[in-house]
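Here is what each chain is made of, one letter per residue.
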Amino acid sequence: MRVLIAGAGIGGLTAALALHAAGIEASLVEGARELRPLGVGINLLPHAVRELTDLGLGDDLARIGVAITENVYCDRFGATLFTEKRGLAGGYDRPQYAVHRGRLQMLLLSAVHERLGPGAVRTGARLTGFTQDTDSVRAALAGGTESAADVLVGADGLHSAVRAQLHPDQGPLAWSGVRMWRGVTERRPFLGGESMLIARGAGVVARGAGSEAGRELIAYPIGPDLINWVAQVQVADPGPLPGDANWNLPGRPEDVLRHIGHWKLGLLDVPALIADSSMILEYPMVDRDPLPSWGSGRVTLLGDAAHPMYPLGANGASQAIVDARALADALAGAGCPAGLAAYEKSRREATAAVVAANRELHAGVGARTPAELARITEHYRRVTGADRPRHHRPHHDAPQHDRHH
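Residues numbered from 1 in each chain as written. Predicted model: local features only at pLDDT ≥ 70, side-chain atom pairs only at ≥ 80, totals over all residues. Heavy atoms only, no water.

## Observations regarding the overall build of the chain
If you tally the helices and strands in the chain, you get 10 helices and 20 strands. Of the roughly 16,400 Å² of accessible surface on the chain, a fraction of 53% belongs to carbon and sulfur atoms. (Helix = DSSP H or I, 4+ residues; strand = E, 2+ residues; numbered from the N terminus. Areas by Shrake-Rupley, 256 points an atom, 1.4 Å probe, with all protein chains shown as cover.)

## Quick word on helix α6 (residues 253–260)
A turn of α-helix holds 3.6 residues, and therefore any two residues three or four places apart point the same way. Every buried residue belonging to α6 is among Asp-255, Val-256, His-259 and Ile-260, and all of these are buried. The buried residues of α6 occupy an angular sector of 110 degrees when the element is viewed end-on, so they sit on one face. Contacts from the buried residues of α6 go to β13 (174–186), β15 (215–223), β16 (226–234) and α7 (270–275). (Buried < 20%, exposed > 50% of the residue type's maximum accessible area, 1.4 Å probe, protein only. Arc of directions from axis to C-beta. Contact = heavy atoms within 4.5 Å.)

## Examining the packing of helix α2 (residues 46–54) against helix α8 (residues 316–334)
Relative to each other, α2 and α8 sit at 45 degrees, their axes nearing to 8 Å. Classified by the angle their axes make, α2 and α8 are oblique. Two packed elements cross with a definite hand, and for α2 against α8 that hand is left-handed. Taking contact as the criterion, the partners of His-47, Ala-48, Glu-51, Leu-52 and Asp-54 in α2 are, on α8, Ser-318, Gln-319, Ile-321, Val-322 and Arg-325. Tallied by class, residues from the contact of α2 with α8 come to four nonpolar, three polar and three charged. (Axes fitted to C-alpha atoms, helices over the stretch in contact; angles between N-to-C directions. Parallel < 35°, antiparallel > 145°, perpendicular 65-115°, else oblique. Left-handed = near helix turned anticlockwise from the far one by under 90°. Nonpolar A, V, L, I, M, F, W, Y, C, P; charged D, E, K, R; others polar.)

## Quick notes on the side chain of Arg-298
Mapped onto the fold, Arg-298 is located in the loop between β19 (279–287) and β20 (299–301). When neighbours within four sequence positions are excluded, Arg-298 is seen to be in contact with Gln-132, Asp-133, Thr-134, Asp-135, Ser-136, Val-137, Asp-150, Val-151, Leu-152, Cys-336 and Leu-340.

## Some words on the pattern of salt bridges
Pairs can form between side chains of opposite charge whenever their charged atoms are close. One pass over the full model with this rule turns up 17 salt bridges. In this structure, Arg-187 engages Asp-276 in a salt bridge whose closest nitrogen and oxygen atoms are separated by 2.5 Å. Here Arg-187 is found in the loop between β13 and β14 (195–200), whereas its partner Asp-276 is found in the loop between α7 and β19, with 89 residues between them in sequence. On the basis of relative accessibility, which here comes to 26%, the residue Arg-187 falls in the partly exposed class. (Salt bridge = Lys/Arg side-chain N within 4 Å of Asp/Glu carboxyl O.)

By themselves, these figures tell us nothing about what the structure is for.
Given below as structure tokens:
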């Protein structure tokens, strides 16, 4: 069986590794001409770390990431509201790692080249469409070339060409009304160097230039002297996104500072954190309603292409990694198309629940008391499956020891 994956992001690269470990031939096509370590920080939850560890990448994750042991919620004056233990400290069977997205992507790309061969990823090959029959699927690539396979997986992100062909009437992205800014700043670690800080404005969510509600700052380390931060501000009512979501729009420090520059957190100098950032990206917080089905015939979706969700709860990349394992297991167990149907059955309902949970998590941004925060975080863990460890079962031919390089 030959599987062609459109998109060499975190989900696509992990899918290639998982398929290879299951004895299934895989290759990737990627629109970018060069894959570089771009982006800012992300978190990998224990259920995603478990899958990558099964693929022999556990030691590498520990090398490039920071194990987060607690989430500390505070108000805009720095007063602690609630502390939630995370990773091994929270009783999970794997750590939670904060990593630079680009470094993680390069780690996965290196593993793909090492295990699948240097030609496994074809860059500068943007998928523009596909055709299929009962025996195969043919992907049309920019420039007029084609690539044939037994299965096509659309892991091509929020603006997926595979999804657009499968679901041409999906409509505009759904906007929460929140503008987000992300940045990375060289700073010594705060608290013990293993904490995620979540600072919130006062009161319930309300709109208005003078309102502190609906404002949030998240900060966490992604290296020994590197802090990733995310600022979120409710600027409009939820509704269809006007225009399109641009994930590479440069942000300006002054736009962030006018919302949260007056916050006094004590352990973190907010104005300096924002002003000294080496890069700032601005984008809207968007998602889509879950689909009634993902794919058709020999074609399916994975990651953001299948279930775009608010970037809350550290679940976007984590769910894509879990998708990859489920896809490999299903195809190894039942082939195509039965395996694709089994994959969608196992993941569509689960990811729809995460999309809904992320919306509820955003709606609860005004929670103030420790009891409210504890209830919201516990509900989120339960709904998203983060509190249900899976018994370790190695891939069909996965390495038995972590890889070093």
